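Listed below are the residues making up each chain.
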Amino acid sequence: MSGTHSDSGAQQTAASWALPGLSRTLFFSLFGSSVPGSNLGPPTLSPARGKAATEWRRRDREREGDSDGRRYRKSPSPGRRRTEGATTQSSSAQCEPPTKKKKVHVDPPLPLTGGAYIPPAKLRRMQEQITDKSSLEYQRMSWEALKKSINGLINKVTISNIGIIIQELLEENIVRGRGLLARSVLQAQRASPIFTHVYAALVAIINSKFPSIGELILKRLIVSFRKGYRRNDKQLCLTAVKFVAHLMNQNVAHEVLCLEMLTLLLERPTDASVEVAIGFLKECGLKLTEVSPRGMNALFERLGNILHESEIDRRVQYMIEVMFAVRKDGFKDHPVILEGLDLIEEEDQFTHMLPLEGDYNPEDVLHVFKLDPDFMENEEKYNMIKKEILDEGDSDSDTDQDARSSEEDEEEEEEGDEEGQEVTIHDKTEISLVSFRRTVYLAIQSSLGVEECAHKLLKMEFPDSQRKELCNMMLDCCAQRRTYEKFFGLLAGRFCMLQKEYVEYFEGLFKEQHDTVHRLEISQLRNVAKMFAHLLYTDSLPWSVLECVRLTEETTTSSSRIFVKILFQELCEYMGLPQLHARLKDGTLQPFFEGLLPRDNPRNTRFAINFFTSIGLGGLTEELREHLKKAPKMVLAKKRDGESSDSSSSSSSSSSSSSDSDSSDSDSDSSKKESENHSRSSEQSRESRRNHDLQRQNSPTGKNNTEMP
């Protein structure tokens, strides 16, 4: 038993001597249950087990060192750390060889650039604890706050809040953080190219106050474009040229830079370079057309040559064709500056003349924090500049408010004076009329049939005073067509059938068009005449409208004669010549055709006959020809009727004037006799001349006889 107890005690002593941090189970698994000798010397180990024991010793020392280090950091007082360290070292010195102390990492009071996040409350508390504002810690904290503020404001800018964002940006020291501002703007533009016009307007406003910041952004854009061009990075080039284009629209960059970029892209054309150039031209083409038309002509001539060479992809060729169409439309979908972003006057802007091939330093070092020995002085200078800028803006806003308030006061006074009076407002700008015409035009254009169009127009709510304008709009739409469309005649006829008011309006339009027909072009004149011919054929208009037509040489012009010609030729096609002739012979309508078929003067009658005969409608003039044959007899009858009326009036005169009447009768008789004798002698002389001419023509030697004396 004694031997057994001694053996177990020896095993425990040996185990604690050999490996202080090792458990008994692990120890006996490595070295076995036998312990050599009673002198407690180091056991004899095999080479494999010796290596394993050495490895376990090293690991246990590292664990103990880590635990000691944690206890050292978590100790509440320096005295306790020293005592615990001393006890730990003494115990480890007794059990194991000394180990190297592990360096404890202590967090700095402030994060480095790109370091850990500090909550705002903690950051403010740390700033309050620092009394020396020129110290490194305070400058670093203000730098971090400046960076966060600039990034947040740039990410929030839109068209609606750009004025507010500018004021908040000017509250920060953007002169110190110009590198941060430039980087933030460029990163935001690359992430959201669709908002490039907003970022360009922001840069334009800042450039008007701090031109160095605008120059820095433009330099970095040029460097970025050249880098993307060398690397064949199409996306990088697209974002860079788009920003440069909008900066040129805002007069921050000069147009020479844009022309140099476009020339470089089209010098050796590839699919990517041509695509970038077309995107560039869409954004700044309208501005370049205004400031450099010769340059634009040269660029589009180069694009035309590239298109004719056909060495690029078909997709890019289509893009070039679309670009020519955009230029033809005047870049209407790509304005120079969008509404709401034209915030800087042209004379207040500073334009940078930077060539493309210049040697530029992007000044990337401005992104990194650097200790400023004159920090407080620079802050005070910027505060003065900021105050001047913001006070200037406040004064402008105050003047605007004063002007508005004065206008409001004047309006209130005028309203007070006119309170007891009724005020009628006359709209002389004709805005409502223009909008009504636009609505009618769109309704006509969007309709597929006459019924649909009439339903749309009748469904519209408009006052009765605009009915005439509706009729006028139908006529104008018909006149603007290249050829006559029956759609408009049917539409006008439908409205005339519905309400009599439209018949009166179209009658007035017929008279107006006949009087002002000389103002119309030949195609418009033809369409208008055919439309009225359709209305007359369908009896939508009464034939009494032809009362305004007077077919004489003095009252007609070439345009009015063409109008009447097309009108009657179209009526003849619709009705046929016999039916048209019957309509013109209608007895109830004869008073309205007196000007169209004149019988008052043989000269006018002869002119009307010749006119209708020349246009192929001579069959309508049979009555006029008969009238012309009977005209001399009718004239003589009228004269005789006049003479008889004169004689009866003279016989019924008073007896006191009988002598005068007798003398006047004798004079009149003598004058009549003389006129009759003169007419007879003239007729006899005409007959003798005719007989003489006939004899000369019939005689074979008439010529010689005439030549003889």
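Keep in mind the model is a prediction, meaning the values are calculated, not measured. (Residues numbered from 1 in each chain as written. Predicted model: local features only at pLDDT ≥ 70, side-chain atom pairs only at ≥ 80, totals over all residues. Heavy atoms only, no water.)

> For this particular structure, what's the right way to read the overall build of the chain?
Across its full length, the chain holds 28 helices and zero strands. The burial tally for the chain puts 35% of its 709 residues in the buried class. When the accessible surface of the chain is totalled, it reaches about 44200 Å², and 50% of it is carbon and sulfur. (Helix = DSSP H or I, 4+ residues; strand = E, 2+ residues; numbered from the N terminus. Buried < 20%, exposed > 50% of the residue type's maximum accessible area, 1.4 Å probe, protein only. Areas by Shrake-Rupley, 256 points an atom, 1.4 Å probe, with all protein chains shown as cover.)

> Is there a simple way to think about the pattern of salt bridges in this case?
Scanning the entire structure with this criterion turns up 17 salt bridges. Taking the shortest distance from any N to any O, the salt bridge between E275 and K234 comes out at 3.2 Å. In this pair, E275 sits in helix α13 (residues 271–291) while K234 sits in helix α11 (residues 234–249), placing the two residues 41 residues apart along the sequence. Owing to a relative accessible area of 15%, E275 belongs among the buried residues under this scheme. Among the ionic pairs, R467 bridges to D464, the shortest N-O distance being 3.4 Å. By relative accessible area, which is 16% here, R467 ends up buried. Here the salt bridges share partners, and the residues they tie into one network are K234, E275 and R315. (Salt bridge = Lys/Arg side-chain N within 4 Å of Asp/Glu carboxyl O.)

> What am I meant to see in a positive patch on the surface here?
Together, R190, K227, R230 and R231 give the surface a local cluster of positive charge. By residue number, the principal contributor to the positive patch is helix α10 (residues 211–231), which donates three residues. Within the secondary structure, K227 sits in helix α10. (Patch = residues over 30% accessible without salt bridge, like charges linked within 9 Å, V, L, I, M, F, W, Y side chains within 5 Å. Lys, Arg positive; Asp, Glu negative; His and termini not counted. Charge placed at Lys NZ, Arg CZ, Asp CG, Glu CD.)

> I tried to follow the packing of helix α8 (residues 178–191) against α10 on my own but got confused; where do I start?
Axes are the key here: two packed helices are described by the angle between their axes and the distance separating the axes. Contact geometry of α8 with α10 gives a least axis separation of 10 Å together with a crossing angle of 50°. On the basis of the axis angle, α8 is oblique to α10. Judged by the twist between their axes, the crossing of α8 over α10 is right-handed. Side by side, α8 and α10 meet where R178, G179, L181, A182, R183, L186 and R190 of the first sit next to I213, L216, I217, R220, L221 and S224 of the second. (Axes fitted to C-alpha atoms, helices over the stretch in contact; angles between N-to-C directions. Parallel < 35°, antiparallel > 145°, perpendicular 65-115°, else oblique. Left-handed = near helix turned anticlockwise from the far one by under 90°. Contact = heavy atoms within 4.5 Å.)

> Would you mind showing me how to read the side chain of Q139 here?
Position of Q139 relative to the elements: it lies in helix α6 (residues 136–156). A relative accessible area of 0% means that Q139 is categorised as buried. When near neighbours in sequence (up to four residues on either side) are disregarded, Q139 contacts K133, S134, R176, F369, K370, L371, D372 and F375.

> When you look at the environment of M126 in this model, what are you seeing that I'm missing?
Residue position: M126 is located in helix α5 (residues 120–129). For M126, a relative accessible area of 15% puts it in the buried group. With 11 residues separating them along the chain, M126 and E137 place their C-alpha atoms 9.4 Å apart.

> Please explain unusual backbone geometry as it appears in this structure.
Excluding glycine, residues mostly have negative phi values, and the peptide bonds linking residues are mostly trans. Non-glycine residue S310 carries a positive phi angle of around 60°. In this structure, S310 sits in the loop between α14 (293–309) and α15 (314–328). Its relative accessible area of 44% is what places S310 among the partly exposed residues. Non-glycine residue F331 carries a positive phi angle of around 50°.

> Hey, could you run me through the packing of α11 against α13 in this one?
As a packed pair, α11 and α13 sit with axes 9 Å apart at the nearest point and diverge in direction by 10°. In this view, α11 runs roughly parallel relative to α13, as classed from their interaxial angle. Each of K234, C237, L238, V241, K242, V244, A245, H246, M248 and N249 in α11 lies in contact with α13, whose residues at this interface are A272, E275, V276, F280, E283, C284, K287 and L288. In terms of residue class, the contact of α11 with α13 is made up of 11 nonpolar, two polar and five charged. (Nonpolar A, V, L, I, M, F, W, Y, C, P; charged D, E, K, R; others polar.)

> Honestly, the packing of aromatic side chains in this entry has me stumped. Any pointers?
What describes a pair of aromatic rings is the distance from one ring centre to the other and the angle between the planes of the rings. Across all of its chains, the model carries 14 aromatic pairs by this definition. Ring centres of F495 and Y502 lie 5.2 Å apart, and the angle between their planes is 70°; this geometry places the pair in the edge-to-face category. The pair formed by F495 and Y502 is uniform in burial state, with each residue classed as buried. Centroid distance F611 to F612: 5.4 Å. Interplanar angle 75°. Geometry classified as edge-to-face. Taken as a pair, F611 and F612 share a single burial class, namely buried. Among the aromatic residues, ring-to-ring pairing joins F495, Y502 and Y505 into one connected group. The ring of F300 has R327 sitting right over it, with the charged end atom 4.3 Å from the ring centre. (Phe/Tyr/Trp six-rings, centres within 6.5 Å; stacked < 30°, edge-to-face > 60°. Lys NZ or Arg CZ within 6 Å of the ring centre and 35° of its normal.)

> Would you take a moment to explain α14 for this structure?
Three- or four-residue spacings in an α-helix give side chains the same orientation, since the helix completes a turn every 3.6 residues. For α14, built from 17 residues, the straight-helix expectation of 24 Å at 1.5 Å per residue is met to within 8% by its first-to-last C-alpha distance of 24 Å. Here α14 has its buried residues at G295, M296, L299, F300, L303, G304, I306 and L307. Those residues of α14 that are buried lie in contact with α12 (255–267), α13 and α15. Looking one or two places after α14, you find S310, whose phi comes out positive at around 60°. (Expected span 1.5 Å × (residues − 1).)

> I keep staring at helix α17 (residues 431–445) and nothing clicks. Help me out?
Compared with an ideal rise of 1.5 Å per residue, which puts 15 residues at 21 Å, α17 spans 21 Å between its outermost C-alpha atoms and is within 8% of the ideal. Along α17, the residues classified as buried are F436, V440, A443 and I444. With its buried residues spanning 100° around the axis, α17 presents them on a single face. Along α17, the residues that are exposed and aim more than 90 degrees away from the buried face are I431 and L442. On its buried face, α17 is in contact with α18 (450–459), α19 (467–479) and α20 (486–498). (Arc of directions from axis to C-beta.)

> What is the right way to look at the environment of F487 in this model?
Position of F487 among the secondary structure elements: in helix α20. The class of F487 is buried, set by a relative accessible area of 17%. Separated by 37 residues in the primary sequence, F487 and V450 place their C-alpha atoms 6.3 Å from one another. The residues contacting F487, other than those within four sequence positions of it, are I444, G449, V450 and C453.

> In this structure, what is going on with a negative patch on the surface? I would like to understand it.
Among the surface-exposed residues, D342, E345, E346, E347 and D348 lie close enough to one another that they form a single negatively charged patch. Structurally, E346 is set in the loop between α15 and α16 (375–417). Classification of E346 by relative accessible area gives exposed; the value is 59%.

> Help me understand the side chain of R220 in this model?
In this structure, R220 sits in helix α10. Despite being buried, R220 has no salt bridge partner; D364 is the closest side chain of opposite charge, sitting 4.4 Å away. At 2.8 Å, the side chain of R220 and the side chain of H367 are in polar contact. Discounting chain neighbours no more than four positions away, the residues touching R220 are G179, A182, R183, L186, P362, E363, D364, L366 and H367. (Polar contact = N/O pair within 3.5 Å; in protein donor to acceptor, adjacent residues only side chain to side chain.)

> What should I look at first to understand the confidence of the model for the chain in this one?
For residues with low pLDDT, the predicted coordinates do not support detailed interpretation. For the chain, mean pLDDT is 77; residues scoring 70 or higher make up 67% of the total. Across the chain, element-level confidence peaks in α11 with a mean pLDDT of 94 and bottoms out in helix α28 (residues 702–707) with 37. Within the model, pLDDT remains below 50 along residues 69–114, and this stretch shows 28 contacts once partners closer than five positions in the same chain are excluded. The low-confidence segment residues 650–671, where pLDDT is below 50, has two contacts with residues more than four positions distant or belonging to other chains. (pLDDT = per-residue confidence, 0-100.)

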